[in-house]
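# Structure at a glance
Here's the letter readout for the chains.
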Amino acid sequence: MKRPLALVPLAALLALPACRKDEAGSALTLAMMPKNKGNPYFVSCRKGAEEAARELGVRLLWDGPTETDPAKQNEVVEAWITRGVDVLAVSVENKEAISTALRRARQKGIKVLTFDADAEPDARDFFVNQATPQGIAHTLMDRAAGLMGGEGQFAIVTASLTAANQNEWIAHIKARLGEKYPRIELVDVRPSDDDRQRAFSETQTLLKVHPKVKLVMAVASPAVPGAAEAVKQSGRTDVRVIGLGLPNACKPYIHDGVVESIVLWNTMDLGYLTVRAGHALATGALAAGADGLDAGRLGRVEVRGDNVLLGTPFTFTRENVDQFDF
Amino acid sequence: MPPERAQPWGNSSHEAVLALIVLGEVVVFSLLGTNFLSLGNAAEVLRAATPVGLLALALTPVIVSGGIDLSVGSLLGFSAVVLGELWRDGGVPLGTAVPLTLALGAAAGALNALLVARLRMPALIVTLGTFSLFRGLAEGLTAGVENYTGFPAGFLRLGQGYLLGAIPTQALVLVAAAALYGVLLHASVAGRALYAIGFSPEGARHAGLPVGRRLALVYVLSGVMAALAGLVYVAYLGQAKADAGTGYELTAITAVVLGGTSIFGGRGTIHGTLLGVAALAVLHNGLRLADLPTEMAGVLTGLLLVAAILARRWLAGERTTT
Amino acid sequence: MLAALAVLAPSFHQGGNWRDILVGNAPLLLSATGMTLVVLTRHIDISIGSQFAICGVVAGLLAKAGLPMAAVAFGTVGAGLAMGGVNALLVAFLGLPSIVATLATMVALREGLRWATQGAWVENLPAGFQWFGAGQAAGRWLIVAVALAVFTAMAWALTHLRAGRAVYATGSDAEAARLLGVPARATTALVFVVLGGLNALAALLSAVQFIDVQAGAGLGLELKVIAAVVVGGTAITGGRGTALGTLLGVALLGTLGPALTFLGSHAYWERALQGAIILAAVATDALSGRGGSSRPVDVSPESARAA
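Below is a short write-up of the structure.

What counts and how
Residues numbered from 1 in each chain as written. Chains lettered and ligands numbered in written order. Predicted model: local features only at pLDDT ≥ 70, side-chain atom pairs only at ≥ 80, totals over all residues. Helix = DSSP H or I, 4+ residues; strand = E, 2+ residues; numbered from the N terminus. Buried ≥ 20, exposed ≤ 12 C-beta atoms within 10 Å, placed from the backbone. Contact = placed C-beta atoms within 7 Å. Nonpolar A, V, L, I, M, F, W, Y, C, P; charged D, E, K, R; others polar. Pairing = 2+ DSSP bridges. Axes fitted to C-alpha atoms, helices over the stretch in contact; angles between N-to-C directions. Left-handed = near helix turned anticlockwise from the far one by under 90°.

### Quick notes on the overall build of chain C
Helix and strand counts for chain C come out as 13 helices and zero strands. Ordered by position from the N terminus, the helices and strands of chain C form the series α-α-α-α-α-α-α-α-α-α-α-α-α. The principal-axis extents of the C-alpha atoms in chain C amount to approximately 55 × 50 × 30 Å. Residue burial in chain C is summarised as follows: out of 307 residues, 60% are buried. A sequence separation of at least 24 residues applies to 80% of the contacts in chain C between residues at least 6 apart.

Structure (structure tokens):
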């Protein structure tokens, strides 16, 4: 009787029940999905979401892709539809792909929110909007132009070449460049695959290939410290880095002066507001036509149309960055 | 070694173990998961598993013959964007674009076949090269940015529709492909030859088998299947972008090996592969419905891979000693 | 290729560029050297990317706990040796096919790390972490020196030590090697453990180039390393190849990316070009009959016994 060995994997599975204890059966269940679970941006978002969930007694499910697989988001949404949740909140990686699944969720009576990046308007109830792609792109480009004195070369380090959000921002950056800054030239866009190491070596090479580059714009959160480290190690004090990054990872570089500023919103507040909005949506406190929402420690937050507004993008500089911890 | 040894019965104990594992998953998750045991969920599991399932089917004869194809995930992505490019930018009607995409898959598979079967280069290396090449061509064609959407509803039904109200359309594709591969591997002269080649390519050559042609066949077919998976994928998501199918090759290989196919060739079955695909798909879906961290799936997959092989060996040893 | 670059993009050969490429690829060289040993024994290890990520995080956590850098290095390499040991156990002693065993550890380790860290970086490391506290100028050369010294030692050991020759013998014909008294099983176990250690050192040398540690490092590293080893002329079928070839493979693939940027190619065509170059290198190798850059090794019974 040597069969027991075959049962090892089974035993492993049967051990699972120990890992799960079903608490409060009637609590509101809110399922929230980041674009990428491992990205520090969403890690901090989750902290805020958990804070709000604790305050409201909401059961928060947090799951999403761990790698860049556009099909994964659909798979998770479908599973949550089957499982039955009260509210879905999704940061959308691929608008067209996910909207079909989100519409299905709405048909089944699930309230749907998007946060961070929007789906098609008819696929969700509200969008928790931290900033429009256009707003982000304009803030970044205007800041860059100011630093460069309105002329010269700059380069962009992006996430992966196929990252939907980044590509949208870059398109807006290019448009802004074309209409407002004729004497500034974008010399190259390099990928970093959301890997700090890759952002580092790409920036190193960039600086040598285009020695006249005065500014590197890193538009993905792991790419900012990568680009900053490359500039710092090159010893070039005439090159500045700006971008979309998280304060904690960028603090040392901002104090060094390598990174002049980073543009972002408070990601923890974004998570917090999303859960608040989800709760309000499920309990009827937030419905079509509303013009405001009481969002706990954030106070009263403006609702415009079907957008819940977090506020405008925030610029972190040497003066204020130490006040933030995320 | 004679190809007869490669008949399905040679594996039946392994498949019994695997079936037990799948059953175990189903039992555990029906207890833990919310709405796990429902027709709707079964349909969703099938739907999500189809693209990887098609790749796993394609890889089974490749691995049985002693080879490997790492390029299938990249080719899925390449096919997806070529379909999009032909249809949207080239103005080619889908009725023509679809067969053209499948032909592209065949051509890409033929490149692998040429290098592996004709030039006798190691499959691992060849397909490692085409893994980069195909993904790179997809990125190059689209500059990474292009995302083809707005496909007509008739085409999307392939990936989103239901038959008889409950069966996802792509499940039919999977079943048809499984049947085809089942016949190829288990009921044809060519299939028998593949086992022989997997056991010993030199021996097969000496026995007068057309080794090069048989190998070429499985790599070309693998290309076609990757393109087909690409079509299903595009229809499922409604979009075609260069990152489609990233990393699918590893999931597919995991499913094939979990299904009892020997990575050294010479042994493996289509039903084993299907069970392997099911084991992985149910695991991922079940963990989610049970609100358990999905990282657990990776850890458990690793354990299952090792345990399944050890269990098979143990059972095989037991049988030969009795 | 380098000559072509000299003409087409002379600035490629500026000193700073070479230094950066050397520093950037020093870790890759260590992982590839370890991989060469494993491939020589006719095995493969695809779990090194996951191991690399874990070792980086381990290094960060140890440094954050206030340990001196020597202890951090010790602990990191220890973690690598242990993970290599798990692979060794699965492959050499339980007899699992190496690609399957390391596929299992690859997935399990990567997801295990994700589970544990949830993607959070190890931040606020002590100042002595970056460059081992030696400062940027010295730290860079320290990294290159450590990598080259370890590489040279491994290359020497591979051809001059009994264990090195056992690696070739095991990969050429494990059965024959065993009959000739070469401990094939122990040799196989050894190469996996050595790869684990070298790869951990690589992770450490890579981590100390920054002020904090990212949790998701090393994705796809295994493919890059295997490509370098194979382009360097080591036969995937075992028993044939040299450490020097791997050095050339690392040099080729390591300079390719920057070179393409210097030549002004668009980023989105680079992956395709890399694939084409791997294929071309291997095809040339295959068409020319025998490895261009690899030296056939004498594994006749006499030499194996002499070893």
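### Digging into the interface of chain A and chain C
A common way to state how big an interface is: give the accessible area lost once the parts meet. In this assembly, 24 residues from chain A lie in contact with 27 residues from chain C. Listing elements by their share of the side of chain A that touches chain C, those giving two or more residues are α2 (40-56), β7 (184-190), α7 (196-209), α8 (223-234) and α9 (247-256) of chain A. It is α7 of chain A that provides the largest number of residues to the side of chain A that touches chain C, a total of seven residues. Classifying every residue of the side of chain A that touches chain C by side-chain character gives nine nonpolar, nine polar and six charged.

### A closer look at the interface of chain B and chain A
In this complex, chain B contributes 46 residues to the contact, which on the side of chain A involves 35 residues. Looking at the side of chain B that touches chain A, the elements with two or more residues in it are α1 (12-32), α2 (39-64), α10 (211-237), α12 (270-289) and α13 (295-321) of chain B. When residues of the side of chain B that touches chain A are assigned to their parent elements, the largest contribution, nine residues, is made by α13 of chain B. For the side of chain B that touches chain A, the per-class residue count stands at 24 nonpolar, 14 polar and eight charged.

### A look at the pairing of strand β12 (residues 300-304) of chain A
Residues and elements named next belong to chain A. Pairing of strand β11 (residues 292-294) with β12, which is carried by three bridges, proceeds in the antiparallel orientation. Looking at the pairing, Gly292 lines up with Glu302 of β12. The pairing of β12 with strand β13 (residues 307-309) spans two bridges and is classified as antiparallel. When the sheet's bridge partners are listed, Val303 is paired in β13 with Val308. From the end of β12 to the start of β13, which pair antiparallel, there are two residues, and Gly305 there has a positive phi angle of about 65°.

### A closer look at the packing of helix α2 (residues 15-40) of chain C against helix α6 (residues 136-160) of chain C
All names here are of chain C. In the contact formed by α2 and α6, the axes pass within 9 Å of each other and the chain directions differ by 35°. Seen from above, α2 lies across α6 with left-handed handedness. Contacts from Arg19, Leu22, Val23, Ala26, Leu29, Leu30 and Thr33 of α2 reach α6 at Arg140, Ile143, Val144, Ala147, Val150, Phe151 and Met154. Looking at the contact of α2 with α6 residue by residue, the classes come out as eleven nonpolar, one polar and two charged.

### What about the environment of Thr254 of chain B?
Relative to the helices and strands, Thr254 of chain B resides in helix α11 (residues 248-258). Note: C-alpha distance between Thr254 of chain B and Thr301 of chain B (47 residues apart in sequence) is 8.4 Å. Beyond its immediate sequence surroundings of up to four residues, Thr254 of chain B is in contact with Leu280, Thr301 and Leu305 of chain B together with Leu103 of chain C.

Don't take any of this as a statement about function, it's just geometry.
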